Amino acid sequence: MLYVTQPSLPPFDEFTEYLKDIWESKWLTNNGKYHQQLERELATFLNVPYISLFSNGTLALITALQTLRITGEVITTPYSFVATSHALNWNGIKPVFCDIESHTFGLNPQKIEALITPQTTAILPVHVYGFPCQHDALEEIADRYGLKLIYDAAHAFGVNEGNQSILNYGDLSILSFHATKAFNTFEGGAIVCHDLKTKQRIDYLKNFGFADEVTVVGPGINAKMNEFQAALGVLQLKYFQQYIKNRKTVFEVYVDEIESISGVELQKPDDHIAWNYSYAPILIDKTRYGKTRDELYNHLKDKGYYARRYFYPLISEFSTYAGLESSKHLPVAKSISEQVLCLPLYDGLLKEQVQEICQLIKDFSTC
Ligand SMILES: *Cc1c(COP(=O)(O)O)cnc(C)c1O
């Protein structure tokens, strides 16, 4: 079986040097040497002012909402991984689902205003597949209504628009370094913020609220990244550009092969985006292709290729959220979630394997 992704890992021998060092130092967690080094190096590499590391992306999301004291209702997207809404739920905040637009798969700015109520405090969009949201329009609405803007940028590690990191948009951005993401630290995550005072609050909150040995400034949590994760991050960063180059090579094979298949459209961001090639999403038009997305998904699975339906079902369709009024009418998200399939894409996937996947897709069409 060949899966939709495979984690990028550096040579094992290089990691053992770091393990030995951590073992000898006996400093395993709590802002250790590698934690500090990774924060410094990521801030430089990503071109962001401040970054705080987390044990995973979900805890970073939950803590980001606490950082800005978000309450009441938050407008968010149904077209994401379920953690986006769960982070609201864990804070006692009501998610209000807004439909997406079909170009970036992000929140549709034109549909947000109708959902704003006196309880609305923030907007939580997602840069789906690392495609930047319509951030200018989102920011304009947030500013006009005095709402906070927090981006779930779990897919957007290393994505730039012009010479600007898309992690600098909004009040805060959240990253995930889970094994399946473009940059991984086994598990891990981060919050990007714009000023030192906010970073300080984030760092207190992720460590039980401790400001010093005897002072707890708030109801914090334990969401710290440990030294093993941080050391892997330091090592991964040395290889990241190569990983992305390799992913790009694989993606370009898809571009060449899929172009000729009627009813199948490979999705990518606009040309001015320096992308991280994190996903290879296709949309299946069942009339033009002759088969449904699910028929193709099952066919590929039978042949040993495990593509994934990201994102299907919609978050708003899970039982936790299906009863909400805002879950009822999300036609664009619904339609895309029924057409989308993310094809295998990772550093190390061979050209011949991509060609075989594409040949299977071609041969399965009945049109
Ligand atoms: C992966 C992911 C998360 C959760 O990150 P974890 O590090 O797995 O907790 C949140 N949002 C989105 C959009 C994701 O893809």
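Residues numbered from 1 in each chain as written. Predicted model: local features only at pLDDT ≥ 70, side-chain atom pairs only at ≥ 80, totals over all residues. Heavy atoms only, no water.

Undergrad: Describe the sheet that holds strand 5 (residues 120-124), and please don't skip the residues or the numbers.
TA: Spatially, seven strands are ordered 2-10-9-6-5-3-4 in an open sheet, and the strand pairing comes out mixed. Edge strands, defined here as strands with exactly one partner in the open sheet, are strand 2 (50-54) and strand 4 (94-97). Neighbouring strand axes in the sheet, compared pairwise and without regard to direction, differ in orientation by 25° on average. Where helix 5 (residues 135-145) meets the sheet, its contacts fall on strand 5 and strand 6 (148-152), and the angle it forms with strand 6 comes to roughly 150°. The strands touched by helix 6 (residues 196-205) within the sheet are strand 2, strand 9 (172-176) and strand 10 (189-193), with strand 2 carrying the most contacts at an inclination of about 10°. (Pairing = 2+ DSSP bridges. Helix = DSSP H or I, 4+ residues; strand = E, 2+ residues; numbered from the N terminus. Axes fitted to C-alpha atoms, helices over the stretch in contact; angles between N-to-C directions. Contact = heavy atoms within 4.5 Å.)

Undergrad: I'd love a proper account of the environment of proline 331, names of residues and values included.
TA: The residue proline 331 is located in helix 11 (residues 331-339) in this model. Proline 331 gets classed as partly exposed once you look at its relative accessible area, which sits at 38%. In sequence terms proline 331 and isoleucine 100 are 231 residues apart; their C-alpha atoms lie 8.8 Å from each other. (Buried < 20%, exposed > 50% of the residue type's maximum accessible area, 1.4 Å probe, protein only.)

Undergrad: Give me the lowdown on the site of the ligand, citing residues and values where you can.
TA: By nearness alone, 14 residues border the ligand, and Thr58, Asp152, His155, Ser176 and Lys181 come closest of all. The separation between an oxygen atom of the ligand and a polar side-chain atom of histidine 155 is 2.8 Å. A distance of 2.7 Å is found between an oxygen atom of the ligand and a side-chain nitrogen or oxygen belonging to serine 176. Protein contact buries 93% of the 380 Å² of open area that the ligand shows by itself. (Near = heavy atom within 4 Å. Polar contact = N/O pair within 3.5 Å; in protein donor to acceptor, adjacent residues only side chain to side chain. Areas by Shrake-Rupley, 256 points an atom, 1.4 Å probe, with all protein chains shown as cover.)

Undergrad: Lay out the environment of alanine 280 with the relevant residues and their values.
TA: Tracing the backbone shows alanine 280 in strand 15 (residues 280-284). Look at alanine 280 and you get buried, because its relative accessible area is 0%. Separated by 33 residues in sequence, alanine 280 and arginine 247 place their C-alpha atoms 9.9 Å apart.

Undergrad: Pulling in residues and values, what's your account of the packing of aromatic side chains?
TA: For any pair of aromatic rings, geometry is given as the distance between the ring centres together with the angle between the planes. In the structure shown here, the tally under the stated rule is 29 aromatic pairs. Between the aromatic rings of phenylalanine 157 and phenylalanine 177, the centroid separation amounts to 5.9 Å while the plane-to-plane angle is 85°, which identifies the pairing as edge-to-face. Of this pair, phenylalanine 157 sits in the loop between strand 6 and strand 7 (160-161) while phenylalanine 177 sits in the loop between strand 9 and strand 10; the two residues are 20 residues apart in sequence, bridging distant segments of the chain. One exposure class covers both phenylalanine 157 and phenylalanine 177, and it is buried. Plain terms: the ring middles of tyrosine 239 and tyrosine 243 are 6.3 Å apart, the flat faces sit at 20° to each other, and that makes the pair stacked. In this pair, tyrosine 239 and tyrosine 243 both sit in helix 7 (residues 227-258), four residues apart, roughly one turn of the helix. (Phe/Tyr/Trp six-rings, centres within 6.5 Å; stacked < 30°, edge-to-face > 60°.)

Undergrad: Residue-level account of the domain arrangement of the protein, with values.
TA: For the protein, the assigned domains read domain 1 (2-236) and domain 2 (240-364). Relative placement of domain 1 and domain 2: their C-alpha centres are 24 Å apart. Listed as interface residues are 48 residues of domain 1 and, on the opposing side, 48 residues of domain 2. Across the interface of domain 1 and domain 2, roughly 4,000 Å² is buried in total on both sides, 65% from carbon and sulfur atoms. Sorting the residues of domain 1 by area buried against domain 2 places Leu2, Val4 and Tyr129 first, and these three jointly supply 20% of that buried surface. Counting across the interface, domain 1 meets domain 2 through zero salt bridges. Counting across the domain 1 and domain 2 interface gives 22 residue pairs in polar contact (both at pLDDT 80 or more). If you list the elements that add at least two residues to the side of domain 1 that touches domain 2, you get strand 1 (2-3), helix 4 (83-90), strand 4 and strand 7. For the side of domain 1 that touches domain 2, the residue count by class is 25 nonpolar, 17 polar and six charged. (Domains from an automatic or database assignment. Buried area = accessible area lost by both parts, 1.4 Å probe. Salt bridge = Lys/Arg side-chain N within 4 Å of Asp/Glu carboxyl O. Nonpolar A, V, L, I, M, F, W, Y, C, P; charged D, E, K, R; others polar.)

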